[in-house]
Amino acid sequence: MGIKGLQWFVANTCPDACTMVNLKEMAEKHHISHPDSPPVIVVDAMGCIRHWYTPESWVCGGQWQEYLANLQDFIKAFMAADIKLVFYFDGVVEQKKRDEWVKRRLKNNKEIARIFQFLKSYRQQPGRGMFFIPSGLATFTRFALKFLGQETICSLQEADYEVASYGLQNNCMGILGQDTDYLIYNTSPYFSINKLCLDRMVTVMYSRENLCHALGLNITDLPLFACLLGNDIVPEDILEGFWQKCVASCPPKSQSYDKRANIILAVASYISRVPCSYGSLKDLEEMLPLASDKKLLYRGVESYLLPGQQSPWLPPSVSNSQIHLVKQETAICPDQEILQLVKEQHVRAENYMVYNVLSKGEVECSNSLEDELDPELPGQALIYRPVRQHIYSVLLESGKDTCGAYPIVKEWFVYFGNPMEQPDLVQPIQLDIPGGTPSLRTLWLTKGPEVQTLRYSTFLACFHLQDMVEEFQLLDAPVAAVCCLLIYLTLQVDSLSLEDLNAFVAHTLCLHGKSAAQLAGLQLPQVDSRAVQLGSLFIRGLTTLIMASSACGFPMNMDDLMPWKVFDGKLFQEKYQLSHRGCSSEELLEGNGSLHTQFQNLKSFICKACVVKKRTIQSRRRGNGFITEMQEGGRECSFQQAHTTSFVPPYHSQNRRFQWRGSQPYFYGSETQPSGRGHRDERRHRGQRRRFQLAPQ
């Protein structure tokens, strides 16, 4: 988050703290002064994602091939300057930051509501001023960078601390990001991603030494300075009275400064006049309305101490060694070998969410582009929750108590109507597969073709498709992933129609062979808001596939689950609109006759799988955003559960919102486990044993 207003203050009132630098020249100097170590820039990836996503279209679900090409160009520019990049991502949300995390998510909900209001009013994408990153962008960026051969690290604690520590301990040339906390940490130089000009390799370097000179502070004062201005640990609302006293004792030097700049100057002036000691910090804590948390300033200051550092504002006995070691809490997973393996995979950004489940039983998912006013499409968090419940059962099989009960998983997932005042408490649901759920040791550590089949069947069982292992194995892996998602979504949401299915399948087939340039050149005369949400829902489905594959020992290659392989926002938007206008399959397939057979085969595969689960996909054209044919006499659509005899969802559509049933709004579970079984018609696959493949364009 950084310090509110500090970036503007430095840029506008401390010109000596902002220096335009040439990164290539700095790298050459680094080579001379450190001949044994290459110049390294550690990248705060979460602070750079908005800068990296430059495709014109952002609302339709993401232009993933364009984005991948952008990342490749970014990497090539630094390679040409002989600079190594190390990318850091947030791997956890620390408890002390949870309130701030929730506050931002709720604010994002309001921004997303405005986006959908604009879409439905103008049927066009809003301008860049309303830009919101595509759903799943942070998750898939880490996999994209690994795919491009970059060192990518997922943090075990707050990422900005690990970034600053890495920079200090590895003598890095600098830190690239957009977070003023990097001015507060006493670490490597801080480079601005927003000011980066890639073709000339120049950007602004911010100098904490020159900032201190301008403010009359020492570098060791900066952590206290940050806390007294308000940060993720010390909330601003308890500081307002203190700010008033500081401003009163230090009148503004210039009428041109705004209120925040005057507060920054007044707080710095106050610190410069106070004896630098732990006693002074305790006096400050007495001045502030800290309620029961009298150690708030203490914890705030120590949070900025990096390895080998101490603060004159804290007792001399306090060093970072007692502060930032990852807490050795009792993990939910009792198998230490498994826990160590999943931790290493997490740090190398090789899995998704499984470490968070096994280590502390708590997971989170940020906002998605979803329309809170659409009564037919629930939030992705609710749609995919049954899958996650099965995934949790796979991960926590060895953590069951003596009564056979699984540990509860805490979910901080954003969906409309969820105030996120506390996490949803989610009950894992056991898979219904022959022989029971295999152990993680079997899925992760055992080798051989039989185990690979077991991994794949367990993976499909998470989506209630374990009876179709042979059929799915006939498909190319990316196509199998798409079919798995489409079958699951169609079974879960009964408003999905034949037109929606036609759009998804045609999009999948036509995407193969198209270049990033071709996709970038695709023009949309209008944008449909429902297709926007379906695109976001599909992308979140891919993250769910990754989570399931991670839990089951990677039965699917991660590369086959990436969106640049199977999704393009504008192309799907185009196919959706064509399909709902009643266009022929020939038009949907762009006149490519070689795709017609595959189109029919994949549709047949998906429809037959749904019929076995007693779900018939019907036509329901929407034309220009309005339903022109209603299913079953025009009734309101809601969730369609595949296993209504054994699984009752605890939410339903009411008053245009999805409400929780019963008196346990934060508990989700069922004592009755869904069977996930259907009676397979063996005749439907006779003569169809060949593999479905994507034909070249």
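Everything numeric in this text was worked out from a predicted model, so none of it was measured. (Residues numbered from 1 in each chain as written. Predicted model: local features only at pLDDT ≥ 70, side-chain atom pairs only at ≥ 80, totals over all residues. Heavy atoms only, no water.)

**Q** Help me understand the overall build of the chain, please; the structure alone is not making it clear to me.
**A** Counting its secondary structure elements, the chain contains 29 helices and 13 strands. In the chain, which comprises 697 residues, the proportion classed as buried is 59%. On the chain, roughly 28500 Å² of surface is accessible, and the fraction owed to carbon and sulfur atoms is 50%. (Helix = DSSP H or I, 4+ residues; strand = E, 2+ residues; numbered from the N terminus. Buried < 20%, exposed > 50% of the residue type's maximum accessible area, 1.4 Å probe, protein only. Areas by Shrake-Rupley, 256 points an atom, 1.4 Å probe, with all protein chains shown as cover.)

**Q** Would you mind showing me how to read unusual backbone geometry here?
**A** Only a minority of non-glycine residues have a phi that is not negative, and only a minority of peptide bonds are not trans. For Asp82, which is not a glycine, the phi torsion comes out positive at approximately 60 degrees. Positive phi values are uncommon outside glycine, yet Glu590 reaches one of about 60 degrees. Inspection of the secondary structure puts Glu590 in the loop between α28 (585–588) and α29 (596–612).

**Q** Looking at this structure, I do not really get helix α4 (residues 64–80). What am I missing?
**A** Between the first and last C-alpha of α4 there are 24 Å, a value that for 17 residues agrees with the 24 Å anticipated at 1.5 Å per step. All of the buried residues along α4 are Trp64, Gln65, Glu66, Tyr67, Leu68, Leu71, Phe74, Ile75, Ala77 and Phe78. Of the residues one or two after α4, Asp82 is the one with positive phi, at around 60 degrees. (Expected span 1.5 Å × (residues − 1).)

**Q** Help me out: how do you make sense of the environment of Asp374 in this one?
**A** Here Asp374 is to be found in the loop between β8 (362–365) and α17 (380–383). On the basis of relative accessibility, which here comes to 15%, the residue Asp374 falls in the buried class. Separated by 159 residues in sequence, Asp374 and Gln533 have C-alpha atoms that sit 9.6 Å apart. Within the structure, the side chain of Asp374 is placed 2.9 Å from the backbone nitrogen of Glu376, a separation counted as a polar contact. (Polar contact = N/O pair within 3.5 Å; in protein donor to acceptor, adjacent residues only side chain to side chain.)

**Q** Please clarify how the confidence of the model for the chain should be interpreted in this entry.
**A** A low pLDDT means the predicted coordinates there should not be read in detail. In the predicted model, the chain carries a mean pLDDT of 88, and 87% of its residues have values of at least 70. This stretch, residues 322–327, has a pLDDT under 50; its non-local contacts, to residues over four places away or in other chains, come to twelve contacts. Taken as a whole, residues 626–693 scores under 50 in pLDDT and shows 168 contacts with residues more than four places along the chain or in a different chain. (pLDDT = per-residue confidence, 0-100. Contact = heavy atoms within 4.5 Å.)

**Q** Quick question: what am I supposed to make of the pattern of salt bridges here?
**A** Pairs can form between side chains of opposite charge whenever their charged atoms are close. By the definition in use, this model includes 26 salt bridges. In this structure, Glu364 and Arg98 form a salt bridge, with 2.8 Å as the shortest nitrogen-oxygen distance. Placement of Glu364 in strand β8 and of Arg98 in helix α5 (residues 98–122) is noted, with a sequence separation of 266 residues between them. There is no split in this pair, since Glu364 and Arg98 are both buried. Three or more residues are tied together by salt bridges with common partners; here these are Lys97, Glu100, Lys103, Arg104, Glu158 and Asp232. (Salt bridge = Lys/Arg side-chain N within 4 Å of Asp/Glu carboxyl O.)

**Q** Any chance you could explain the side chain of Glu162 here in plain terms?
**A** Here Glu162 is to be found in helix α7 (residues 159–169). Lys343 provides the closest opposite charge to the buried, unpaired Glu162, separated from it by 9.2 Å. There is a polar contact of 3.1 Å between the side chain of Glu162 and the backbone nitrogen of Gln157. Once you skip the residues sitting within four places of it in the chain, Glu162 turns out to touch Tyr88, Ser155, Leu156 and Gln157. (Lys, Arg positive; Asp, Glu negative; His and termini not counted.)

**Q** I'm lost on the sheet that holds strand β5 (residues 174–177) in this one. Help?
**A** Hydrogen bonds between backbone groups are what pair the strands of a sheet, and the pairing can be parallel or antiparallel. Within the open sheet, the seven strands sit side by side as β1-β7-β6-β5-β2-β3-β4. Their pairing is mixed. Of all the strands in the sheet, just β1 (18–22) and β4 (151–154) have a single pairing partner and so form its edges. With direction set aside, neighbouring strand axes in the sheet form an average angle of 30 degrees. Strand direction decides the pairing type here: β5 and strand β6 (residues 190–192), joined by three bridges, are parallel. Opposite Leu176, over in β6, you have Phe191 as the bridge partner. (Pairing = 2+ DSSP bridges. Axes fitted to C-alpha atoms, helices over the stretch in contact; angles between N-to-C directions.)

**Q** Can you help me understand a positive patch on the surface in this one?
**A** Together, Lys4, Lys107, Lys110, Arg114 and Lys259 make up a positively charged patch on the protein surface. It is α5 that contributes the most residues to the positive patch, three residues altogether. Mapped onto the secondary structure, Lys110 falls in helix α5. The exposed category is assigned to Lys110, whose relative accessible area is 58%. (Patch = residues over 30% accessible without salt bridge, like charges linked within 9 Å, V, L, I, M, F, W, Y side chains within 5 Å. Charge placed at Lys NZ, Arg CZ, Asp CG, Glu CD.)

**Q** What is the right way to look at the pairing of strand β3 (residues 84–89) in this model?
**A** In summary, the side chains of a regular strand alternate between the two faces of the sheet. In terms of burial, β3 is largely enclosed, as five of its six residues are buried. Sheet analysis places strand β2 (residues 40–44) next to β3, joined by five bridges and oriented parallel. Along β3, the bridge assignment pairs Asp44 with Tyr88. Pairing of β3 with β4, which is carried by four bridges, proceeds in the parallel orientation. Each bridged residue has a counterpart across the sheet, and for Phe87 the counterpart in β4 is Thr152.

**Q** Explanation requested: the packing of aromatic side chains in the structure shown.
**A** How two aromatic rings sit relative to each other is set out by the distance from centre to centre and by the angle between their planes. Inspection of every chain in the model, using the stated rule, returns 28 aromatic pairs. Taking the ring centre of Trp243 as reference, the NZ or CZ of Arg260 above it sits at 5.1 Å. Directly above the aromatic system of Tyr298 lies the positively charged group of Lys295, at a separation of 4.6 Å from the ring centroid. (Phe/Tyr/Trp six-rings, centres within 6.5 Å; stacked < 30°, edge-to-face > 60°. Lys NZ or Arg CZ within 6 Å of the ring centre and 35° of its normal.)

**Q** Can you walk me through the packing of helix α10 (residues 222–229) against helix α12 (residues 259–273) in this structure?
**A** Relative to each other, α10 and α12 sit at 135 degrees, their axes nearing to 10 Å. As judged from the angle between their axes, α10 and α12 are oblique. Of the two possible hands of crossing, α10 and α12 adopt the one that is right-handed. Only Arg260, Ile263, Ile264, Val267, Ala268 and Ile271 of α12 make contact with α10, whose side of the interface consists of Leu224, Phe225, Leu228 and Leu229. Here the residues of the contact of α10 with α12 are counted per class, giving nine nonpolar, no polar and one charged. (Parallel < 35°, antiparallel > 145°, perpendicular 65-115°, else oblique. Left-handed = near helix turned anticlockwise from the far one by under 90°. Nonpolar A, V, L, I, M, F, W, Y, C, P; charged D, E, K, R; others polar.)

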